[in-house]
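Now for the letters of each chain:
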Amino acid sequence: MPTDFVSGQEMSRRFYSEAVRPVLDTAFPGLPHSAALLGRGSEVLGYDDAMSSDHNWEPRVQLFLRDEDHVRHADAVTEALRQKVPARFADHDTEFGVYTLSGYFQQELNFDLGQEITARDWLTFSEQNLSTVTAGAVFHDEVGLAEVRERFAYYPRDVWLYLLVAGWWRVHPEVNLVGRTGFVGDELGSGLIGARLVRELMHLCFLLERKYAPYPKWFGTAFSRLSCGPSLGPILRTVLRAESWQDREAALMTAYEEIGRNYNSLQITPAVELGIEQMCGRPFKVVWGDYVGPLAAEIKDPAVREIAERWPVGGIDQLREIMWPARWRGQLLAVFDTAR
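Let me sum up the structure you'll find in this document. All figures in this text were calculated on a predicted structure; none of them were measured in a lab. (Residues numbered from 1 in each chain as written. Predicted model: local features only at pLDDT ≥ 70, side-chain atom pairs only at ≥ 80, totals over all residues. Heavy atoms only, no water.)

### Some remarks on the overall build of the protein
Inclusion rule: A run of H or I in DSSP counts as a helix once it spans at least four residues, and a run of E counts as a strand once it spans at least two, with each numbered from the N terminus. Type-normalised accessible area, obtained with a 1.4 Å probe on protein chains alone, sets the label of each residue: buried when under 20%, exposed when over 50%, and partly exposed for intermediate values. Note on areas: Shrake-Rupley, 1.4 Å probe, and residue coverage restricted to the protein chains presented here. In this charge count, Lys and Arg are treated as positive and Asp and Glu as negative; neither His nor the chain ends contribute. The atoms used to mark charge sites are NZ of Lys, CZ of Arg, CG of Asp and CD of Glu.
The number of helices and strands found in the protein is 17 helices and 8 strands. Expressed as lengths along the three principal axes of its C-alpha atoms, the size of the protein is roughly 80 × 55 × 35 Å. By the burial criterion, 50% of the 340 residues in the protein qualify as buried. Of the roughly 16,400 Å² of accessible surface on the protein, a fraction of 52% belongs to carbon and sulfur atoms. For the protein, the separation between the mean place of its 35 positive charges and that of its 47 negative charges on side chains is 2 Å.

Okay, structure coming up:
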């Protein structure tokens, strides 16, 4: 990466300070507003580099007005910015938009800010969408953007516990299959199962550290920045590189043990003891710990408990490939509708 690269967040901050804010101060002195870089783009997550600037990467800012000010001034503000803000800044095209907080979050999450966030809401927001409204950068805030973002900062405790339950269940049924498929000579199949288990173990780590996981492009990068990333990363790469099911199995056991220690250090439940098991006496070893039982026992919210019984697989991200766009959230809400 060139040493003179300026991140998208910093570029957008300069764009607001040097090009947008002076127009607002001159044409609309004293107008309360917030300004931020949220939404799409690697720069919002902080993962952009020089290559990112070859497409859809520009100095940009979202401006937020109070509802009543948006009604009175949005068109005039937009027109003033269109006329006076340069079309290019730092040799890049520029972009801006003028919103209300309610309108923007309705657009990004298909959610009415006037409502309480329920368990069914949390489980139908994709982690990627949650990250795009809670990451990024806020440059100025007079209308409560920080307060709204805080509402979505992370899952409430009982929803988090449920997602941990679902996360462990996505690992436990398949750990022995790495050996079973390899035993019949299917190293390709064993490798595929090993890779899927790596992905699920990584996602457990995001949950344990209470961080939203981004979409696949930046999933590994974000994982490497978790506190467990430097120690677990080499172990998980060994799983992916293994040429035999025995080596794959051994590396997965090591990873499972380390994640188990990380879990116990959080003291979410009484410490879970790990043991090595061989299902039905077969020559495949797995490390096993009963995380599901103690975690489920900690869930107090009746709505979450009912969802856990009716939909034990977790949140919308299990349907990521077809369901993560916000416009589909309404369809999935029916799955969690306890009134039915």
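Next, the rest of the story.
### Some remarks on the packing of helix α4 (residues 101-109) against helix α6 (residues 127-134)
For the record, the criterion: Lines fitted to C-alpha atoms define the axes here, with helix axes fitted over just the stretch in contact, and angles between the N-to-C directions of these axes take values from 0 to 180 degrees. Any angle between 65 and 115 degrees counts as roughly perpendicular, while under 35 counts as roughly parallel, over 145 as roughly antiparallel, and the rest as oblique. Here a crossing is called left-handed whenever its near helix is offset anticlockwise from the far helix by less than a right angle, and right-handed whenever the offset is clockwise. The criterion used for residue contact is that any of the two residues' heavy atoms lie within 4.5 Å.
Running from N to C, α4 and α6 cross one another at 155°; their axes reach a closest spacing of 10 Å. Between α4 and α6, the crossing angle belongs to the class labelled roughly antiparallel. Where α4 crosses over α6, the handedness of that crossing is right-handed. Where α4 abuts α6, its residues Y104, F105, E108 and L109 lie against N129, L130, T132 and V133.

### Side note on the sheet that holds strand β5 (residues 95-99)
Our working definition: Pairing between two strands requires that DSSP report at least two bridges joining them.
Pairing is mixed in the open sheet, where 4 strands are placed in the order β5-β2-β1-β6. Both outer strands of the open sheet, β5 and β6 (137-141), are each paired with one neighbouring strand and no more. Adjacent strand axes in the sheet meet at a mean angle of 20° when their direction is disregarded. Along the sheet, helix α1 (residues 8-27) contacts β1 (34-37), β2 (60-64), β5 and β6; its crossing angle with β6, the most-contacted strand, is approximately 20°.

### Some remarks on the packing of aromatic side chains
Convention followed: The pairing test for Phe, Tyr and Trp rings, Trp by its six-membered ring, is centres within 6.5 Å, and the orientation test on the planes gives stacked under 30 degrees, edge-to-face over 60, and tilted for anything in between. Whether a charge sits over a ring comes down to the Lys NZ or Arg CZ being within 6 Å of the ring centre and within 35 degrees of the ring normal.
In total, this model carries 26 aromatic pairs according to the counting rule given. Arranged with centres 6.1 Å apart and planes meeting at 20°, the rings of Y16 and F139 form a pair that is stacked. Of this pair, Y16 sits in helix α1 while F139 sits in strand β6, and the two are 123 residues apart along the sequence. In this structure F139 comes out as buried when scored by relative accessible area, which is 14%. Put simply, the rings of F64, Y99, Y104, F105, F111, W122, F125, F152, Y154, Y155 and Y212 touch in pairs and so form one group of aromatic residues. Residue placement shows R199 over the ring face of F219; its charged tip is 4.3 Å from the ring centre. When the ring centre of W160 is taken as origin, the NZ or CZ atom of R210, which lies over that ring, is 4.6 Å away.

### Points about unusual backbone geometry
Of note, the phi angle at D91 is positive, near 65°, even though the residue is not glycine. With respect to the helices and strands, the residue D91 is situated in the loop between β3 (88-89) and β4 (92-93). The exposure class assigned to D91 is exposed, which follows from its relative accessible area of 62%. In this model, R210 sits at a positive phi of 55°, which is unusual for a non-glycine residue. Mapped onto the elements, R210 comes out in the loop between α10 (187-208) and α11 (216-224).

### Brief notes about the environment of E273
Within the secondary structure, E273 sits in the loop between α13 (245-266) and β7 (275-277). Since its relative accessible area comes to 73%, E273 is described here as exposed. It is 51 Å that separates the C-alpha atoms of E273 and Y99, two residues lying 174 residues apart in sequence. Each residue touching E273, except ones within four places of it in the same chain, is listed here: W288 and G289.

### Some remarks on the nonpolar core
A general trend in soluble globular proteins is that nonpolar side chains are found buried together. Selection criterion: We define the nonpolar core as a collection of buried residues of types Ala, Val, Leu, Ile, Met, Phe, Trp, Tyr and Cys that are connected through side-chain atoms lying within 4.5 Å of one another.
Of all hydrophobic cores here, the largest spans 74 residues; its most connected members are F105, W122, F152, Y155, W168, F223 and L295. Looking at this core, the element that brings in the most residues is α10, giving 10 residues. In terms of nonpolar packing, the next biggest core, distinct from the first, is built from 25 residues, V20, F28, A80 and L81 among them.

### Let's talk about the pattern of salt bridges
Our working definition: What counts as a salt bridge is simple: a side-chain nitrogen of Lys or Arg found within 4 Å of a carboxyl oxygen of Asp or Glu.
As enumerated under the stated definition, the model contains 17 salt bridges in all. E10 is paired through a salt bridge with R13; the nearest N and O atoms lie 3.9 Å apart. One end of the pair, E10, and the other, R13, are both in helix α1, 3 residues apart, so they sit about a helical turn from each other. Exposure remark for R13: the relative accessible area of 33% places this residue in the partly exposed category. Ionic pairing is found between E79 and R82, a salt bridge with its closest N-O pair at 2.5 Å. Placement of the pair is E79 and R82 together in helix α3 (residues 67-84), with a separation of 3 residues, close to one helical turn.

### Section: the packing of α10 against α13
Applied cut-off: Residue type decides the class: Asp, Glu, Lys and Arg count as charged, Ala, Val, Leu, Ile, Met, Phe, Trp, Tyr, Cys and Pro as nonpolar, and the leftover types, Gly among them, as polar.
The N-to-C vectors of α10 and α13 enclose an angle of 10°; their axes lie 11 Å apart at closest approach. Put simply, α10 runs roughly parallel to α13. Every residue of α13 that contacts α10 at E187, S190, G191, G194, L197, L201, C205 and L208 is listed here: W245, R248, L252, A255, I259, Y263 and L266. Looking at side-chain class alone, the contact of α10 with α13 contains 10 nonpolar, 3 polar and 2 charged residues.

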